[in-house]
Amino acid sequence: MPAVKFSMFWEVAVADQYIGTAAEQRTKNDLDAHGTFLDLPRLPREEGVSYIKRLRSVIPLRGGSDQAGLVHGITRELGLDEKVGMKITPIASGSVWLAPSPHVEVTATTLTLYSEYYNEDNYTVDRTIDIFDQGSGYLMGDLVNQVQLSQYFVAELGPYMTGDEKSNGLIQDSSAVVIEKEWVPGNSYFFLENTDVIETSLFFTEKAVFTTEVASADLVVAEGDYYVDYPSATVTSYGSASGRSTCRYVYRDFPWRIKWSPVTVYSLRDDNYREKLFESEYMLDGSTRQGVVSDEGSQVYSQVFDRATSLWGR
Amino acid sequence: MLRVLEGKRSWVTQRLANRFPPWSRLRQLAQSVGQQVLEPLGREAENSYWWANYNLGNYLLNTSDPNQLQRLRKLALPPSFDFRTREESDSVLYLTPTSVRAQLADESWVTLTQAADNSLEEFWYDPPDAITAAGESYTYAAVLPQRVVSALGTVTTNSPSVPGRLFVTLSNNGSSMKNYLHTIVRSSVEIRGRDIHGLEAKERIYFAYNGTVVTKLAWSEIEQVSTEYVDDSAFLQIDWLSVGQRTPMDNMGLHVTKDREKFRFFELGTGTYASTLRHMTFAASDFITVQEGSDEKEPLLEAELLDNNGAAIDNAVSLSLWPHRRWVTVTDGTNLHFFLPDLETPDLSVMKERTTEPVLQISVDNEWSFRGETITLDYLLKRPFVQVFRIRWSVLKPDGTKVGLNASGEEIAYSESGWVRNLSNINFGKSGFSGDPIEYTLPATGSYVFYLEATIDDRLTTKVDPIEQTDVWIVQAAGNAAIASVSIPVSAGTASSVGFDTYGQPWIINDSGVAHRLQFRYDKYLVDFISKLIYVREDYNFLEVTA
């Protein structure tokens, strides 16, 4: 019944009034059902658009126990975004790269630009850039500027980067992509699916057709001769492949897109990362070894021991 | 079912009516008694169809509605709080709270309205009550601005401002089925580039006809666009917003006539007085002909656009279909208006003034029309052996006045002098009957009830007494009133187009070419009288509930 107040002459019914703050009421919908299926629960207060983007990333960016898998999984579960951090392209003169054998590699701590990589006698590092600290800065924009100083490579930010992201978020990878198995078509002249194949990396399983590699297409004159034009990945052989055999190779994926995530994962056993965690001591013979724990290392270890049960001295 | 659907004529009604024979009045006329009976069934069937389709979409992740019913806010009223009640003879009814107000983040108060029928559907799936803010903004650039296919070799593409699925529009392609060495092949477009995760991806899109297709993959960069079996003179456009579609297809409704069913498209038209919503279909009679390249569209009906106060919108500039919702979203630059595309059902109660099966019947070129349009009225003698002594035309206008019409369609007083005698063309000849058409221009929006009174002598009966008959026909000068009209924040500028991205988020592009994402606010509440709970959608500072 409404609250009733009595005045001297008549009854006045005063309506109940209440002022308060509404509390959140979670209701599950079909997206949460997809989340159950994909083992990705909704974050607190997460709206559908963000959640559906995360759900759609589960299959292409598989979580796992390796470095990339951990980055994929942790980034997604925290509701963050992986992006293309930067694009690196070798500088070319006409259609030929200035670097004889370009290669780019991201380790835990460095971005290394090789002008010549797949030549064992003579591999040449063009630049090694510390992705934690480029001297002048530590952001993606600074890192791009550092790459631009190279005479062999140009870099640009990924399409959704502002340049103000921390540059040590680059995910460890290299510009070389391994193709474990590709079907060889039953022809004597064909293209591989990827161009810029690395010279020493191509192996055919059908040895009867691909026996002797020769230096030019004109020299393919006898059974078993074959010629590969590596930049265009064109194969010319004397006999036709059976169409049931495979090959494997490594190719250069330029322009190479380096993935970036706000989440970084390091192994404490990673040699490159240990150089960040420990001061280097120079030995008399010119070699170095890891000495006392550095500033960065003490921070990392104190946080690790904070969370992990440690059994010092037992 | 949405309350606002109840006044609308459902497209399913005609589909049901088409189970009747072609000569039946039920099948031929929307205002026949039979269709009045079918209308509630059609409406319910349409609603079930819509929800079945919606739920089917949510079953797959790629077609899910990201904005389906989710996080609510709940205000628990204290146990001492009592709602008003009304005591009936056999029950006690709870009454709606007299006022529910909410304080916004800027400490101003808004009045909330109860969802119609206190239903969850109205609460969540109604159009918004306000636009709170323009979200992120980008200088708008299409991923691939419209380009002739022969020049595709030299194009540069832009990364979509919001990575996601893309709208690919092909136009001027002629037939989508090309004869290549006596093999029929399909036109297709292949996109290569990077998906939303930066991974290498490619997708081939097949086109059955000139139009817009949404990609299956979500893209962040397009590196290469190539076409197969597409005319060199065709145009290709790739967009991250739906703004490139000039006549979007309604994928949740059809245009059903008494003869056939067709896809329906919407576009903005220019009426005499105001902007109109034009329903279009392919002019070709079958879809094979459309795929062969005859894909011109023809307008079928048009409705004048009115805002939610009933005032005409005379400068609508852009239209878009809201994905996963029933609304057609229209902007006039400063406002967004939300429409249900189907037409209002006119008040058919006046049909009771119609004589049962009159011999002299009204024939109009169009049942649905719009203000300012001129319609042609004719009379039909339905069978021979009838002598017509005299007829009288009159019309009941939307403002309630009834006037007579003379032989040239001009308005005259509705009086005895309106009768026309000695009719020419009144004889039923070998080739049937030709009437004496008059033209009438509809000066206002609303229902026009035309009356054709006649005095006839039916020679098939033995009686020679004159028989008085009246036929009634309703022509609606259709106005489509917006269910909601909300103003675009000044900070977003004057909209020149409205569109949605593939996450169903609304965007406008303003006249300086900047795309702004809009954030809607929904000031609706639901009340649970028994548990004493008030549900709202937004994060208000406070709610004030007065019983």
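Check the entry above for the structure.
None of the values given here were measured: they were computed from a predicted structure.

Thresholds, definitions, all that
Residues numbered from 1 in each chain as written. Chains lettered and ligands numbered in written order. Predicted model: local features only at pLDDT ≥ 70, side-chain atom pairs only at ≥ 80, totals over all residues. Heavy atoms only, no water. Helix = DSSP H or I, 4+ residues; strand = E, 2+ residues; numbered from the N terminus. Buried < 20%, exposed > 50% of the residue type's maximum accessible area, 1.4 Å probe, protein only. Contact = heavy atoms within 4.5 Å. Areas by Shrake-Rupley, 256 points an atom, 1.4 Å probe, with all protein chains shown as cover. Lys, Arg positive; Asp, Glu negative; His and termini not counted. Charge placed at Lys NZ, Arg CZ, Asp CG, Glu CD. Pairing = 2+ DSSP bridges. Axes fitted to C-alpha atoms, helices over the stretch in contact; angles between N-to-C directions. Phe/Tyr/Trp six-rings, centres within 6.5 Å; stacked < 30°, edge-to-face > 60°. Lys NZ or Arg CZ within 6 Å of the ring centre and 35° of its normal. Salt bridge = Lys/Arg side-chain N within 4 Å of Asp/Glu carboxyl O. 1 Å grid on protein atoms, 1.4 Å probe; cavity = no way out; pocket = protein on both sides within 12 Å on 5 of 7 lines; lining within 4 Å. Points joined across faces, edges and corners; volume = space filled by probe spheres on them. Nonpolar A, V, L, I, M, F, W, Y, C, P; charged D, E, K, R; others polar. Polar contact = N/O pair within 3.5 Å; in protein donor to acceptor, adjacent residues only side chain to side chain. Core = buried A, V, L, I, M, F, W, Y, C linked by side-chain atoms within 4.5 Å.

A.B. asks: Which parts of the structure should I look at to understand the overall build of chain B?
C.D. replies: Broken down by element type, chain B carries five helices and 40 strands. Oriented by its inertia axes, the alpha-carbon framework of chain B measures out at about 90 × 85 × 40 Å. Classification of the 547 residues of chain B by burial places 54% in the buried group. Long-range contacts, defined here as pairs at least 24 residues apart, represent 68% of the contacts in chain B between residues at least 6 apart. Surface exposure of chain B reaches about 24000 Å², of which carbon and sulfur atoms provide 50%. Placing the 50 positive and 69 negative side-chain charges of chain B at their respective mean positions leaves the two points 4 Å apart.

A.B. asks: What am I meant to see in the sheet that holds strand S18 (residues 275-282) of chain B here?
C.D. replies: Each strand in a sheet pairs with its neighbour through backbone hydrogen bonds, running either in the same direction (parallel) or in the opposite one (antiparallel). Residues and elements named next belong to chain B. A sheet is described by the order of its strands in space; here five strands give the open sequence S16-S17-S18-S19-S33, paired in mixed fashion. Since the sheet does not close on itself, it has two edges, and those belong to strand S16 (249-256) and strand S33 (479-481), each with one partner. With strand direction ignored, the average angle separating the axes of adjacent strands in the sheet is 45°. Taken together, the six bridges between strand S17 (residues 261-270) and S18 define a ladder with antiparallel strand orientation. Looking across to S18, one finds that Phe265 is bridged to Met280.

A.B. asks: Just checking my understanding: could you explain the packing of aromatic side chains for this structure?
C.D. replies: Here a ring pair, both rings aromatic, is described through the centre-centre distance and the interplanar angle of the planes. For the coordinates displayed, the defined rule picks out 43 aromatic pairs over all chains. When the centroid spacing of 4.2 Å and the interplanar angle of 10° are considered together, the rings of Tyr266 of chain A and Tyr273 of chain A count as stacked. Over the ring of Phe265 of chain B we find Lys297 of chain B, and its NZ or CZ is 4.7 Å from the ring centre. Its end group placed over the ring of Trp124 of chain B, Arg537 of chain B keeps NZ or CZ at 3.5 Å from the ring centre.

A.B. asks: Teacher, can you tell me more about the pairing of strand S10 (residues 177-180) of chain B here?
C.D. replies: A regular strand places its side chains on the two faces of the sheet in alternate fashion. Residue and element names in this part refer to chain B. Two elements, S10 and strand S11 (residues 183-195), share four bridges in a ladder whose sense is antiparallel. Paired with Asn179 across the strands is Ile184, a residue of S11. Between S10 and S11, which pair antiparallel in sequence order, lie two residues; one of them, Leu181, sits at a positive phi of approximately 50°.

A.B. asks: Help me understand the environment of Gln172 of chain A in this model?
C.D. replies: All names here are of chain A. Here Gln172 shows up in the loop between strand S11 (153-157) and strand S12 (173-174). For the pair Gln172 and Thr109, spaced 63 residues apart in sequence, the C-alpha separation works out to 9.0 Å. Apart from the residues lying within four places of it in its own chain, the contact partners of Gln172 are Gln67, Val106, Thr107, Ala108, Val265 and Asp270.

A.B. asks: Is there a simple way to think about the pattern of salt bridges in this case?
C.D. replies: Two side chains carrying opposite charge are able to pair once their charged atoms lie near each other. Using the criterion set out here, one finds 43 salt bridges over all chains in the structure. Asp523 of chain B is the partner of Arg521 of chain B in a salt bridge, and the nearest nitrogen-oxygen pair spans 2.7 Å. Of the residues examined, Asp523 of chain B reaches a relative accessible area of 6% and is grouped as buried. Several salt bridges share partner residues, and in doing so they unite Glu24, Arg45 and Glu47 of chain A together with Arg71, Arg73 and Asp539 of chain B into one network.

A.B. asks: What is the right way to read empty space enclosed by the protein from this model?
C.D. replies: Where empty space is left can be seen by rolling a probe of water-molecule size over the atoms. Per the stated rule, a full pass over the model turns up two cavities of 30 Å³ or more. Taken as a whole, the largest cavity holds about 40 Å³ of empty space. Every residue along the wall of the largest cavity is listed here: Arg26, Thr27, Arg42, Leu43, Arg45 and Glu46 of chain A together with Gln70 and Arg71 of chain B. Classifying every residue of the lining of the largest cavity by side-chain character gives one nonpolar, two polar and five charged. What lines the second largest cavity is Leu2, Trp50, Tyr125, Arg325, Arg326 and Trp327 of chain B. Its residues assigned to classes, the lining of the second largest cavity shows four nonpolar, no polar and two charged.

A.B. asks: Can you walk me through the side chain of Gln134 of chain A in this structure?
C.D. replies: All names here are of chain A. Mapped onto the elements, Gln134 comes out in the loop between strand S10 (124-130) and helix H4 (140-148). Look at Gln134 and you get buried, because its relative accessible area is 8%. Separated by 2.9 Å, the side chains of Gln134 and Ser167 make a polar contact. Not counting chain neighbours up to four residues away, the residues in contact with Gln134 comprise Ile129, Leu139, Asp142, Leu143, Gln146 and Ser167.

A.B. asks: Explain the nonpolar core to me, please; I cannot follow it from the model alone.
C.D. replies: When a protein is soluble and globular, its nonpolar side chains tend to lie buried together. Within the largest apolar cluster, 36 residues are counted, with the highest numbers of intra-cluster contacts made by Leu236, Ile238 and Trp240 of chain B. Mapped by element, the contributors of at least two residues to this core are helix H1 (30-38) and helix H2 (48-56) of chain A together with strand S9 (167-171), S11, strand S12 (200-207), strand S14 (219-228), strand S15 (235-239) and strand S36 (506-510) of chain B. For this core, the element with the most residues is H2 of chain A, which contributes four residues. What Leu236 of chain B contacts, discounting residues up to four positions off in sequence, is Leu144, Pro145, Gln146, Arg147, Val149, Leu152, Val168, Thr169, Leu170, Val189 and Val225 of chain B.

A.B. asks: Looking at this model, I keep getting lost on the sheet that holds S12 of chain A. Mind explaining?
C.D. replies: Residues and elements named next belong to chain A. Pairing is antiparallel across the open sheet formed by four strands, whose spatial order is S10-S9-S8-S12. Strands at the two margins of the open sheet, each flanked by one partner only, are S10 and S12. Direction of pairing for strand S9 (residues 110-116) relative to S10: antiparallel, over a ladder of six bridges. By the bridge assignment, Thr110 is partnered in S10 with Asp130. Sheet strands in contact with H4 are S9 and S10, and its direction is about 160° off that of S10.

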